[in-house]
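# Structural overview for review
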Amino acid sequence: MNYLFPTEERNYQDEVKIKKSLNVQGYELPKLLKIYSYLAVCRRKLAQAIADCKNEMQIGEQKFSYDAAVIYANDLRATLTIYEVLVSLKEEERNSVNEITFSSNNEKLSAEYTVTTVTKPLPGVVEVAKAEYNRIRAYTADLSDMIEAALMSRLNPAAEPAFPITANLDYIYEHFEKLQSK
C-alpha cells in the first residue's frame, strides 16, 4: 500500500522481489555435482601425469628432471650477467681535484692538487671471464634446446580427459554418461 498518498481510485500493491535461479540451463543439481566431482578427478589425474612426466625426463648429461633443468638454466642466465660485468672491465683513469687548507702565521692558505686514480682489472680476469661467459652462454643455449625438446614428451594417455579440451559445461552435461564410461 502507498501510505503517503492513499487514494480510493488507486490501489497500490507491495513490491515483491522474486529471486531467479542462476541455473538457467535447467541442469539437474545431483548430476551437476557429479560432473564437478568428475572434473576434479580429471584435473588431479592430469596434474599427476604432468608431474610424473616432468620427473621422468632426463635432460642433458646430468640427467636433470624438467624442473631442475629449468631452475639451472635460469641460474646460469643470472650468472651470465655477472660475467658480462667482468668482461666489460677495462683500465680507467680518473682525475679529481682536492683542496687542502692550512694556516701559516695566522694566515689561512689553501692549495688545490689533482689526484689521478687508475683502476685496472686484475691481470687475466677479463680473458678468463670472456672464455667462461662464452662457455656458459653456449651451454645455456644447448640446455634450453634440450628443455624444449623434452616438452614434446607425451603424457600418459590414461590421464587425458575423455572430452575435447574446448568442451564447455553444456557439452559435458549432455555427454556425461558416455564420458564417465571411458
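In short, a report on the structure. Every value quoted in this text rests on a predicted model; they were computed, and no experiment measured them.

Rules used in this analysis
- Residues numbered from 1 in each chain as written.
- Predicted model: local features only at pLDDT ≥ 70, side-chain atom pairs only at ≥ 80, totals over all residues.
- Heavy atoms only, no water.
- Helix = DSSP H or I, 4+ residues; strand = E, 2+ residues; numbered from the N terminus.
- Buried < 20%, exposed > 50% of the residue type's maximum accessible area, 1.4 Å probe, protein only.
- Contact = heavy atoms within 4.5 Å.
- Areas by Shrake-Rupley, 256 points an atom, 1.4 Å probe, with all protein chains shown as cover.
- Salt bridge = Lys/Arg side-chain N within 4 Å of Asp/Glu carboxyl O.
- Core = buried A, V, L, I, M, F, W, Y, C linked by side-chain atoms within 4.5 Å.
- Phe/Tyr/Trp six-rings, centres within 6.5 Å; stacked < 30°, edge-to-face > 60°.
- Lys NZ or Arg CZ within 6 Å of the ring centre and 35° of its normal.

Our next topic: the overall build of the chain. Within the chain, the regular secondary structure consists of five helices and two strands. Going residue by residue from the N terminus, the α and β elements of the chain occur as α-α-β-β-α-α-α. Relative to its 182 residues, the chain shows a buried fraction of 19%. Partitioning the contacts of the chain with sequence separation of at least 6, the portion at a separation of at least 24 is 62%. Summing over all exposed atoms, the chain offers an accessible surface of approximately 15000 Å²; the carbon and sulfur share of this is 54%.

Turning to the pattern of salt bridges, a few remarks are in order. Using the criterion set out here, one finds three salt bridges in the structure. Residue D67 is joined to K54 by a salt bridge in which the shortest nitrogen-to-oxygen separation is 3.3 Å. Of this pair, D67 sits in helix α2 (residues 66-87) while K54 is found in helix α1 (residues 29-56), placing the two residues 13 residues apart along the sequence. A relative accessible area of 35% means that D67 is categorised as partly exposed. Its salt-bridge partner being R135, residue E132 comes within 2.5 Å of it at the nearest N-O pair. Residue E132 and its partner R135 are located together in helix α3 (residues 125-150), separated by three residues, close to a single helical turn.

Moving on, we get to the side chain of K31. Assignment of secondary structure puts K31 in helix α1. Using a relative accessible area of 17% as the deciding quantity, one classes K31 as buried. Beyond its immediate sequence surroundings of up to four residues, K31 is in contact with Y173, F176 and E177.

Ranked by internal contacts, the top residues of the largest apolar core, which has 16 residues, are M57, I59, A69, L143 and I147. Among residues more than four places away in sequence, those in contact with I59 are F64, S65, Y66, A69, L143, M146, I147 and A150.

Here the focus is the packing of aromatic side chains. Summed over the entire model, instances satisfying the criterion amount to five aromatic pairs. Here Y27 and Y173 contribute two aromatic rings whose centre-to-centre distance is 4.5 Å and whose plane-to-plane angle is 45°, an arrangement assigned as tilted. You can see Y27 sitting in the segment before α1 and its partner Y173 sitting in helix α4 (residues 169-174), a full 146 residues away along the chain. A centroid spacing of 5.6 Å and a plane angle of 80° characterise the contact between Y38 and F176, whose relative ring orientation is edge-to-face. Highlighted residues: Y38 in helix α1 and F176 in helix α5 (residues 176-181), separated in sequence by 138 residues. Among the aromatic residues, those joined into a ring-pair cluster are Y38, F163 and F176. The ring of Y173 carries K31 above its face, with NZ or CZ at 4.3 Å from the centroid.

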